[in-house]
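What follows is each chain in one-letter form.
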Protein chains: 2
Amino acid sequence: MHPQLSVSRRTRSTPFTSRVEAAGVKAYTVYNHMLLATMFESYEADYWHLCEHVQVWDVSCERQVEIQGSDAYRLVQLMTPRDLSKAKVGRCFYLPLCDTDGTMINDPIAIKLAEDHWWLSIADSDVMLWAKGLATGMQLDVKVSEPDVWPVAVQGPKAEQLMSRVFGAQVADIKFFQICPLTYQGPNGPVSFQVARSGWSKQGGFEIYVDDVAAGQHMWDELFSQGADLQVRAGCPNLFERIESGLFSLGNDMGYNTTPIEAGLTQYLDLSADIDSLSLTALRDQNPSKRLMGLLLDSPSNITDNAITIDGIVAGEITSLCRSPRYGVYLAFVLCHLDVLGNNLAVEVSTSSGTNMGKLCELPFDFAALGLEPIK
Amino acid sequence: MHPQLSVSRRTRSTPFTSRVEAAGVKAYTVYNHMLLATMFESYEADYWHLCEHVQVWDVSCERQVEIQGSDAYRLVQLMTPRDLSKAKVGRCFYLPLCDTDGTMINDPIAIKLAEDHWWLSIADSDVMLWAKGLATGMQLDVKVSEPDVWPVAVQGPKAEQLMSRVFGAQVADIKFFQICPLTYQGPNGPVSFQVARSGWSKQGGFEIYVDDVAAGQHMWDELFSQGADLQVRAGCPNLFERIESGLFSLGNDMGYNTTPIEAGLTQYLDLSADIDSLSLTALRDQNPSKRLMGLLLDSPSNITDNAITIDGIVAGEITSLCRSPRYGVYLAFVLCHLDVLGNNLAVEVSTSSGTNMGKLCELPFDFAALGLEPIK
């Protein structure tokens, strides 16, 4: 199915949309009511380029929910079961946000800019309304807003080299999930952009939180002029790369009816912490009936049904799927029904050549342990 | 710009998507994280068909936010500055939802199903998060959820005739914005669907709140088999028709920074009512600086800039625009800056043949008063 997207004021364009168009974008999705490119040349060509060179991504759709005021920490902590009581300024935190039932609202990167000033760099749901609703209902002393910030990601193995040319050698000192203001020489003088070592790939790179349109567009163009010899290209989060890397997508792999325990995000939960969080009680009591797992299928045929089965009984649904360019097999995420699954890891997958046997595994994929070697 | 849309599990398909595809949909938008068709043959062909015959629309993306419990009325009233204290069961209400600043959160159709049971049939923002945040923060006795309901609209001058064939003569008794349960003979026996006389066009018609997939798909097919002689077609909200009819679109014509006063929705506000509503104080005090108005431009050239000006100074932005098939002129909605506009109604519009003079007017358009006669 390759329908067209009707672009309107509601599917917001960004300061970089004209550049993304000029770079030959082939398809978009709509994410946080905003355009997000999904493909330039092809998923596979984009994948190899991302893994070998450097790409500049317009991820303006990673909207910031700004929470500012004396109750800012209190509100952020209420929204997440991850302990933020010792969080330091200038750090980023992957945060499951959950409601009182323990189910997911969003999974942003939280950025602590100051003691009373946080950004939530969100996935695709209106976290601003959730935060504002809580703050209004609890009469918290915070201002919740969506500031004019349009993140640009620079991703790939040559990202640090390119960023250093544009922002200077200090780029190398930024640690993973650290964020700091860097000066950029814009067309109207110097500006300061928050820059983090982060991004929605496992190929390394940075995210620049652009809050000045003219300087941001100038920076975009400079990343391309300075990166010509690095084979820099416009890119976007890549479906194949994110599945190989075990990166989940809210709305695809987890949603309003999934808890972070079911999604396997337990390392981001502090269920025994002494914190004031809305979801702690529900999550402490949860006895998960579902679990997000990896699926590996070595088959030349197409997968024709999202249901995976055991002896014909549905044991899970595929939530994201690709044929791995690197390993030549199907890789998928599957939301498994634990009561049907039991201890089985061998499952039936429907393909165009009949039922094939696939293998479930923990995530992220451990390719060596799975006996897979790169074919390219 | 005609890019492709990448369809994923996150851009949710509906029980009717395969039928919409089979009917030849040409373009989609994403609305409440769900596919919504925007065009079948062309905007103009779809327009004339809608105005002359009958169409069946998959508007599943009009998600229901269900609010149920002893505090249900209290929560709905808190969210809107419209007085619902005398609202009757079985009625629909167009509701601006506003935050404490008086700015818009959404503009749903509220449906009162029972004293303690409301649906908000929402435009494109996650009202569930706003309602749930308020309810959680205020510890209200309500359950807020998104039930599995997929509305289908039957719109056009022959809608009542078609609906009567499928649901019986009682359809004719349903008054505008009234809703009642009607029995439908589904493939697995009778089911009950809520049916309202409503819909996002001014051509008349109904919305059926399908909550049973098999029965809903059977009903869809029966609407087509029973309507063959009425020239029934699959359709969708039509850009041209909604502009001509003065129907606003959240995210296009109004948004988080617009109040319902600025959007001209004053007939839906009860600012002097003795009700407990979050936005009343802010709206009572508001001195609007913006105003949504109509624009009429008689020009063969294309409009090339969304800014409209007076003596070169920006006096407003076009938020939605079409060339009216019926009147042969450009019709637009413009968010005007009242300080620049003053009492002027004549404004400059940039077109491919230079600056043209357009005329501002009140909304909805009063074509006779504007001296316009149908050209077709």
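Residues numbered from 1 in each chain as written. Chains lettered and ligands numbered in written order. Predicted model: local features only at pLDDT ≥ 70, side-chain atom pairs only at ≥ 80, totals over all residues.

What follows is about the overall build of chain A. For chain A, the helix and strand inventory stands at 9 helices and 22 strands. Over its C-alpha trace chain A gives a radius of gyration of 21 Å, about what one expects of a compact globule, namely 21 Å for 376 residues. Projected onto the principal axes, the alpha-carbon positions of chain A cover approximately 65 × 50 × 40 Å. Counted over contacts in chain A with a minimum sequence separation of 6, partners at least 24 positions apart contribute 68%. (Helix = DSSP H or I, 4+ residues; strand = E, 2+ residues; numbered from the N terminus. Rg over C-alpha atoms; globule rule 2.2 N^0.38 Å. Contact = placed C-beta atoms within 7 Å.)

Let us look at the relation of the copies chain B and chain A. The operation relating chain B to chain A is a screw motion whose rotation component is 180°, with 0.0 Å of axial translation and a residual RMSD of 0.0 Å. Those values place the two copies in the arrangement expected of a two-fold rotation axis. Interface overlap between copies: 100% of the residues of chain B at the interface are likewise at the interface in chain A, consistent with a symmetric, same-surface contact. (Least-squares fit on C-alpha atoms with pLDDT ≥ 70 in both.)

The subject of this paragraph is the interface of chain B and chain A. Listed as interface residues are 40 residues of chain B and, on the opposing side, 40 residues of chain A. Contributing elements (two or more residues each) for the side of chain B that touches chain A: strand 1 (4–5), strand 2 (27–31), strand 3 (34–39) and helix 4 (127–138) of chain B. Taken together, the residues of the side of chain B that touches chain A break down into 15 nonpolar, 17 polar and 8 charged. Examined bridge by bridge, strand 1 (residues 4–5) of chain A and strand 2 of chain B share 2 bridges and lie parallel to one another. Bridging from a neighbouring strand, A:Q4 pairs with B:A27 of strand 2 of chain B. (Nonpolar A, V, L, I, M, F, W, Y, C, P; charged D, E, K, R; others polar. Pairing = 2+ DSSP bridges.)

A separate point is the nonpolar core. One finds A:L75, A:A131, A:V334, B:L75, B:A131 and B:V334 to be the most contacted residues of the largest nonpolar core, which totals 230 residues. Ignoring anything within four residues of it in the chain, the contact list for A:V334 reads A:M293, A:L295, A:I308, A:G316, A:E317, A:I318, A:T319 and A:L360. (Core = buried A, V, L, I, M, F, W, Y, C linked by C-beta atoms within 7 Å. Buried ≥ 20, exposed ≤ 12 C-beta atoms within 10 Å, placed from the backbone.)

Further remarks concern helix 6 (residues 213–226) of chain B. Residue and element names in this part refer to chain B. Its 14 residues give helix 6 an end-to-end C-alpha distance of 20 Å, which sits within 8% of 20 Å, the value for a rise of 1.5 Å per residue. Buried residues of helix 6: A215, G216, M219 and L223, and no others. Down the axis of helix 6, the sector holding all buried residues measures 100°, keeping them to one side. The exposed residues of helix 6 that point more than 90 degrees off its buried face are A214 and S225. Here the buried face of helix 6 lies against strand 4 (55–58), strand 12 (150–155), helix 5 (159–167), strand 13 (179–186), strand 14 (189–196) and strand 15 (205–210). (Expected span 1.5 Å × (residues − 1). Arc of directions from axis to C-beta.)

Strands pair in a sheet through their backbones, by hydrogen bonds, and they do so in one of two ways: parallel or antiparallel. Residues and elements named next belong to chain A. An order of 17-20-19-18-21-22 is seen for the 6 strands of this closed barrel, with the pairing classed as antiparallel. Pairwise comparison of adjacent strand axes, ignoring direction, gives a mean angle of 40° for this sheet. Pairing of strand 21 (residues 346–351) with strand 22 (residues 354–361), which is carried by 6 bridges, proceeds in the antiparallel orientation. Within strand 22, the position partnered with V349 by the bridge is N356. (Axes fitted to C-alpha atoms, helices over the stretch in contact; angles between N-to-C directions.)

This brings us to helix 5 of chain B. Since the α-helix turns once every 3.6 residues, residues separated by three or four places project in the same direction. All names here are of chain B. Those residues of helix 5 not exposed but buried are A159, L162, M163 and F167. What you see down the axis of helix 5 is that its buried residues fit within an arc of 110°, all on one side. Packed against the buried residues of helix 5 are strand 12, strand 13, strand 14, strand 15 and helix 6. Directly beyond the C-terminal end of helix 5, a positive phi value near 100° is found at G168.

With that settled, the discussion passes to the pairing of strand 19 (residues 313–323) of chain B. Looking down a regular strand, the side chains alternate between one sheet face and the other. All names here are of chain B. Pairing between strand 18 (residues 303–310) and strand 19: 4 bridges, direction antiparallel. In the strand pairing of strand 19, T309 is matched with V314. Taking the residues that link successive antiparallel strands as the turn, the strand 18-strand 19 hairpin has 2 residues, and the phi of D311 there is positive, at about 50°. Relative to strand 20 (residues 330–337), strand 19 runs antiparallel, the two sharing 7 bridges. Residue pairing in the sheet places S320 in a bridge with F333 of strand 20.

Residues and elements named next belong to chain A. As summarised here, the arrangement of the 5 strands in space is 6-9-10-5-11, forming an open sheet in which the pairing is antiparallel. If you trace the sheet from one side to the other, it starts and ends with strand 6 (92–94) and strand 11 (143–145), each paired once. Averaged over all pairs of adjacent strands, the angle between strand axes in this sheet comes to 20°, irrespective of strand direction. Contacts between helix 3 (residues 72–79) and the sheet are confined to strand 5 (64–68), strand 9 (109–114) and strand 10 (117–121), with strand 5 contributing the most and set at about 130° to the helix.

All names here are of chain B. Running from N to C, helix 3 (residues 72–79) and helix 4 cross one another at 120°; their axes reach a closest spacing of 11 Å. Note on packing geometry: the crossing formed by helix 3 with helix 4 is right-handed. Where helix 3 abuts helix 4, its residues L75, L78 and M79 lie against A131, L134 and A135. Grouping the amino acids of the contact of helix 3 with helix 4 by side-chain chemistry returns 6 nonpolar, no polar and no charged. (Left-handed = near helix turned anticlockwise from the far one by under 90°.)

Residues and elements named next belong to chain A. The domain boundaries assigned to chain A delineate domain 1 (17–61 + 149–243), domain 2 (64–145) and domain 3 (289–376). Summarising the inter-unit geometry, the C-alpha centres of domain 1 and domain 2 are found 25 Å apart. With 10 residues of domain 1 at the contact, the number on the domain 2 side is 9 residues. Classifying every residue of the side of domain 1 that touches domain 2 gives 7 nonpolar, 3 polar and no charged. (Domains from an automatic or database assignment.)

By the element assignment, B:S164 lies in helix 5. A residue is classified by how many C-beta atoms lie within 10 Å of it, and B:S164, with 14 of them, is partly exposed.

What follows deals with the confidence of the model for chain A. Here chain A averages 97 in pLDDT, and 100% of its residues register 70 or above. Quick note on the complex model: pTM equals 0.97, ipTM equals 0.97. (pLDDT = per-residue confidence, 0-100.)

Bringing the packing of helix 4 (residues 127–138) of chain A against helix 4 of chain B into the picture now. One can describe the packing of helix 4 of chain A onto helix 4 of chain B by two numbers: an axis separation of 7 Å at closest approach and a directional angle of 25°. Between helix 4 of chain A and helix 4 of chain B, the crossing angle belongs to the class labelled roughly parallel. The two elements helix 4 of chain A and helix 4 of chain B cross, and the hand of that crossing is right-handed. In this structure, helix 4 of chain A uses A:L129, A:W130, A:K132, A:G133, A:L134, A:T136, A:G137 and A:M138 to contact helix 4 of chain B, whose residues at the interface are B:L129, B:W130, B:K132, B:G133, B:L134, B:T136, B:G137 and B:M138. Across the contact of helix 4 of chain A with helix 4 of chain B, the residue classes break down as 8 nonpolar, 6 polar and 2 charged. (Parallel < 35°, antiparallel > 145°, perpendicular 65-115°, else oblique.)

The next point concerns the environment of A:P157. Residue and element names in this part refer to chain A. Looking at the element boundaries, P157 is found in the loop between strand 12 (150–155) and helix 5 (159–167). By C-beta crowding, P157 is classed as partly exposed, having 15 other C-beta atoms within 10 Å. Note: C-alpha distance between P157 and G204 (47 residues apart in sequence) is 6.0 Å. When neighbours within four sequence positions are excluded, P157 is seen to be in contact with E52, Q203 and G204.

So, about the pairing of strand 20 (residues 330–337) of chain A. Residues and elements named next belong to chain A. Among the 8 residues of strand 20, 7 are classified as buried, and the element is accordingly described as predominantly covered. Where strand 17 (residues 290–297) lies against strand 20, 8 bridges are found, and the strand directions are antiparallel. In the strand pairing of strand 20, L296 is matched with L331.

In this chain, A:L363 is followed by A:P364 through a cis amide linkage whose omega measures -5°. Tracing the sequence through the fold places A:P364 in the segment after strand 22.

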